[in-house]
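Residue-level structural notes
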Amino acid sequence: MSGALLDVRGLRTVFHFLEGAYPAVDGISFTMRSGEVLGLVGESGSGKSVAGLSLIGLIDPPGEVVEGEVLFKGRNLRTIGESALRQVRGKEIAMIFQDSLAALNPVLTVSEQMVEAIREHADVPLPAARERVIAALRQVGISSPETRIDQYPHEFSGGMRQRVAIATALLNKPDLIIADEPTTALDVTIQGQILAEMQTLARETGTALIWITHDLGVVSELADRVAVMYAGRIVEIGGIDDVLDRPCHPYTQGLLDSIPAENAPGSRLRQIDGTAPSLAARPVGCAFRLRCQRAGPLCAEREPDVTEGPSGQSWRCHHPIPQGDRP
Amino acid sequence: MAVLLAVSLVVFLAVFAVGDPVELLINPEATQHEREMMVRALGLDRPVWMQYLTFLGNAMQGDLGISFVHGEPALQIIIERMPATFELVFFALLIASLVGIPLGLYVGLNSDASLSRAIMTGSILGYSIPNFWKGMMLILLLSVWLHWLPTSGRGETVDILGIPVSFLTWDGVRHLVMPVLNLAIPNTALMIRLTASGAAEARTQDYVKFARAKGVRPQRIVRRHILRNILIPVITVLGIEFGALIAFSTITETVFAWPGMGKLLITSIYRLDRPVVVSYVMLITFLFVLINLIVDLIYAALDPRVKLMDRAP
Ligand SMILES: Nc1ncnc2c1ncn2[C@@H]1O[C@H](COP(=O)(O)OP(=O)(O)OP(=O)(O)O)[C@@H](O)[C@H]1O
Ligand code: SF4
Ligand SMILES: [Mg+2]
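This section reports on the structure supplied with the text. The shown structure was predicted, so the numbers you read here are calculated from the model rather than taken from an experiment.

Structural notes on the overall build of chain A
Of regular secondary structure, chain A possesses eleven helices and twelve strands. Computed over the C-alpha atoms, the radius of gyration of chain A is 20 Å, within 12% of the 20 Å expected from 2.2 N^0.38 for a compact globule of 327 residues. C-alpha atoms of chain A, sized along the principal axes, occupy 65 × 50 × 40 Å. Within chain A, the proportion of its 327 residues that are buried is 55%. Pairs at least 24 residues apart make up 62% of the contacts formed inside chain A by residues separated by at least 6 positions.

This is the structure:
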């Protein structure tokens, strides 16, 4: 697929333990265009963060990316080498961490940590870099950034630190931002605020966005497309309206049923029964089958392959939900 | 201040309990009259509490008593020996830092490398071999067998700002090497372990990963992000070690006949020279308090989360 900003093919990341290697990300593939917002959803432990980190080669032992290609603007990030990859990180692809409260170094000023993101990539004089940092902080709604810039992370509230992390990601006007649940640590109002801001920013700058979250509700407001992850695999991917209105995979349906707005007010949310299997305990066949109401004998035999629907929506399921036939 | 007062009382009583210096100081052939004269002159005839109060009163004015043995002010005798000890401790810790911190950093960042294991094994040895034994082995190796270095004493000194130092003369350096090594080895080991565990912990922190996600070069990550965080415990321990070495360099000073405070302490204890022993402990306590203060200041400068106000005891 030429012209794609990002083309991920069969990416596989395992964690090595004494008993063997377990895949946390098990052959995921997807593409993204410039300026596109992709929601990556799934329960805790489904491999979303590992997937995000794998894209930019930030998996540390015992983890290892073992297979696949990450074609970014035509270059395979897995083979360009560490120093070339370093140039890409923070400049062309920025990442916002799940726990951005811990992502700031407690003993360095905010300005030092943001300025370095600029000056490690380009020969920018310090005053000019500081100006850009101040502008970025103002952009994410931090008041009087001129004075706050020289403070330390602990002098910022949780929400403000989150904004600092977001502002840091914006500094070099990257082509792609991987945002790993950047709002989960925040309260709901700030969450909505930041969400809206990010959306505007992405639209204004043409930055593509991978928005990692366990919350389909957030994705529905923000994303152009959505990928649903379960046990290290993308079980369904497609346009946001297609997937949310006509989910084909039972797991996607289960996630949708647990969004409060989808239910009549006051009714109990329908949670998916059971919990996500741990790395070591994934069943043979379809990983979801022990929790799936549609599971049949075939599901225990072999893993479902990818089926592609008419509108670019695709899923991995032996017995997908037929269109127009809602349970 | 309260610390100093408490320590003074404890030490004073402890020294009192150890023995009667009169027996050691006075010529056994002296007459009873001479004995009493002597005892009165030294102030040893008065009750303990009066002796203590006198001591305290004098101490306030900077007078910690006259040495029974030397007949000079105790404090002065100790302070004369101080530069020798300071020199020893300073160079020992300098070497420990210059060698230990880089090695520890290497180990912490490459914990699986075989060189790291070798360094860690060496540091365990360095830390656990007793000081006096290590000192004697050094003498055996470098002096007795190889004839490279003199076995004992301080060597030639030159004055800088009125303080005699030996590291500026060749003879002085030759004398300095072994005692400094002896003190430096366990402290290097300590620095290695401290830095290594700090670095190993810091490099798994999210802020390091985030710095990598920003595309920061590895050297800068180590220099600014990791080292900056490790330096906080390292400086603290260096401060504590500085005080501890000054106070307890006695074994090394004895083995190498180094004319410092530690050796003076041992001799004074043998001779029951109460004023010197008491002054010594008072001085060391004062030094500890001072060092603690300095460490706190450095700590606050290094760690922005620490505000001195919150830490006041
Ligand atoms: N450093 C690690 N060592 C061992 N296992 C790991 C490590 N990091 C992740 N895993 C495992 O990989 C799997 C996927 O983890 P990941 O963090 O990607 O989940 P996630 O989808 O981001 O979940 P969450 O919503 O909780 O953030 C989990 O089973 C986790 O236990
Ligand atoms: S493959 Fe079978 S078990 Fe897996 S989701 Fe589809 S129906 Fe359920
Ligand atoms: Mg995660």
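Some thoughts on the coordination of the magnesium ion (ligand 3)
Here the magnesium ion (ligand 3) is held by A:Ser49 (OG) and A:Gln98 (OE1), and the distances to it run 1.8 to 2.3 Å. In this pair, A:Ser49 is assigned in helix α1 (residues 48-55) and A:Gln98 in the loop between β6 (93-96) and α3 (110-119), connecting sequence segments 49 residues apart.

Here we look at empty space enclosed by the protein
Residues and elements named next belong to chain A. Taken as a whole and judged by the stated rule, the model has four cavities of 30 Å³ or more. Size it by volume and the largest cavity reaches roughly 60 Å³. Lining the largest cavity are His249, Pro250, Cys286, Phe288, Arg289, Cys292, Ala295, Cys299, Arg316, Cys317 and His318. Split by residue class, the lining of the largest cavity holds seven nonpolar, two polar and two charged.

Examining the packing of aromatic side chains
Residues and elements named next belong to chain A. For the coordinates displayed, the defined rule picks out seven aromatic pairs over all chains. Every member of this aromatic cluster is reached through a ring pair, and the members are Tyr230, Tyr251 and Phe288. Residue placement shows Arg148 over the ring face of Phe156; its charged tip is 4.3 Å from the ring centre.

Points about the packing of helix α6 (residues 158-170) of chain A against helix α7 (residues 188-205) of chain A
All names here are of chain A. It is the contact of α6 with α7, at a shortest axis distance of 12 Å, that shows an interaxial angle of 10°. In terms of orientation, α6 and α7 fall into the roughly parallel class. Of α7, the residues touching α6 (which contributes Gln162, Arg163, Ile166 and Leu170) are Ile190, Gln193, Ile194, Glu197, Met198 and Leu201. In the contact of α6 with α7, the residues fall into six nonpolar, two polar and two charged.

Observations regarding the interface of chain B and chain A
Across the boundary between the two partners, chain B contributes 23 residues, which contact 29 residues of chain A. Between chain B and chain A, roughly 2,400 Å² of surface is buried when both sides are summed, and carbon and sulfur atoms account for 55% of that area. Contact with chain A buries area across many residues of chain B, yet B:Phe210, B:Arg212 and B:Lys214 alone supply 28% of it, more than any other trio. Here chain B and chain A share seven salt bridges between them.

Looking at the environment of A:Lys173
Residues and elements named next belong to chain A. You can see Lys173 is positioned in the loop between α6 and β7 (176-180). Looking at Lys173, the relative accessible area reads 63%, which means it is exposed. Considered as a pair, Lys173 and Ala4 are 169 residues apart in the sequence and their alpha carbons are 18 Å apart.

Considering the site of ligand 2
Around ligand 2, the surrounding shell holds 13 residues, and the nearest of these are A:Cys286, A:Cys292, A:Cys299, A:Cys317 and A:His318. Here the residues of the shell around ligand 2 are counted per class, giving eight nonpolar, three polar and two charged.

Description of the site of ligand 1
All names here are of chain A. Close to ligand 1 lie 14 residues, the nearest being Ser44, Gly45, Ser49, Val50 and Gln98. With respect to ligand 1, the side chain of Ser49 contributes an N or O atom lying 2.7 Å from an oxygen atom. Gln98 is positioned with one of its side-chain polar atoms (N or O) 2.7 Å from an oxygen atom of ligand 1. Within the complex, 67% of the 620 Å² of free accessible area of ligand 1 lies under protein. Put simply, the parts of the chain that give the shell around ligand 1 at least two residues each are β1 (6-17) and α1. With three residues, the top contributor of residues to the shell around ligand 1 is α1. Here the shell around ligand 1 is built from residues that sort into five nonpolar, six polar and three charged.

Remarks on the pattern of salt bridges
Tallied over the entire structure, the rule returns 24 salt bridges over all chains. In this structure, A:Glu112 engages B:Arg220 in a salt bridge whose closest nitrogen and oxygen atoms are separated by 3.0 Å. On the criterion of chain membership, the pair formed by A:Glu112 in helix α3 and B:Arg220 in helix α10 (residues 218-248) is interchain, its members lying in two chains. Residue classification places A:Glu112 among the buried residues on the basis of a relative accessible area of 19%. Bridged by salt links that share partners, the residues A:Arg12, A:Asp26, A:Glu67, A:Arg233 and A:Glu303 form one connected network.

Observations concerning the sheet that holds β7(A)
All names here are of chain A. Strand order in the open sheet formed by eight strands is β6-β7-β8-β3-β9-β10-β12-β11, and the pairing between neighbours is mixed. Among the strands making up the open sheet, the edge pair consists of β6 and β11 (306-308). When the angles between neighbouring strand axes are averaged without regard to direction, this sheet yields 20°. α6 rests against β6 and β7 of the sheet, and its axis sits at about 175° to β6.

About the thresholds
Residues numbered from 1 in each chain as written. Chains lettered and ligands numbered in written order. Predicted model: local features only at pLDDT ≥ 70, side-chain atom pairs only at ≥ 80, totals over all residues. Heavy atoms only, no water. Helix = DSSP H or I, 4+ residues; strand = E, 2+ residues; numbered from the N terminus. Rg over C-alpha atoms; globule rule 2.2 N^0.38 Å. Buried < 20%, exposed > 50% of the residue type's maximum accessible area, 1.4 Å probe, protein only. Contact = heavy atoms within 4.5 Å. Donors = N, O, S within 2.8 Å, 3.2 Å for Na, K, Ca; no water. 1 Å grid on protein atoms, 1.4 Å probe; cavity = no way out; pocket = protein on both sides within 12 Å on 5 of 7 lines; lining within 4 Å. Points joined across faces, edges and corners; volume = space filled by probe spheres on them. Nonpolar A, V, L, I, M, F, W, Y, C, P; charged D, E, K, R; others polar. Phe/Tyr/Trp six-rings, centres within 6.5 Å; stacked < 30°, edge-to-face > 60°. Lys NZ or Arg CZ within 6 Å of the ring centre and 35° of its normal. Axes fitted to C-alpha atoms, helices over the stretch in contact; angles between N-to-C directions. Parallel < 35°, antiparallel > 145°, perpendicular 65-115°, else oblique. Buried area = accessible area lost by both parts, 1.4 Å probe. Salt bridge = Lys/Arg side-chain N within 4 Å of Asp/Glu carboxyl O. Near = heavy atom within 4 Å. Polar contact = N/O pair within 3.5 Å; in protein donor to acceptor, adjacent residues only side chain to side chain. Areas by Shrake-Rupley, 256 points an atom, 1.4 Å probe, with all protein chains shown as cover. Pairing = 2+ DSSP bridges.

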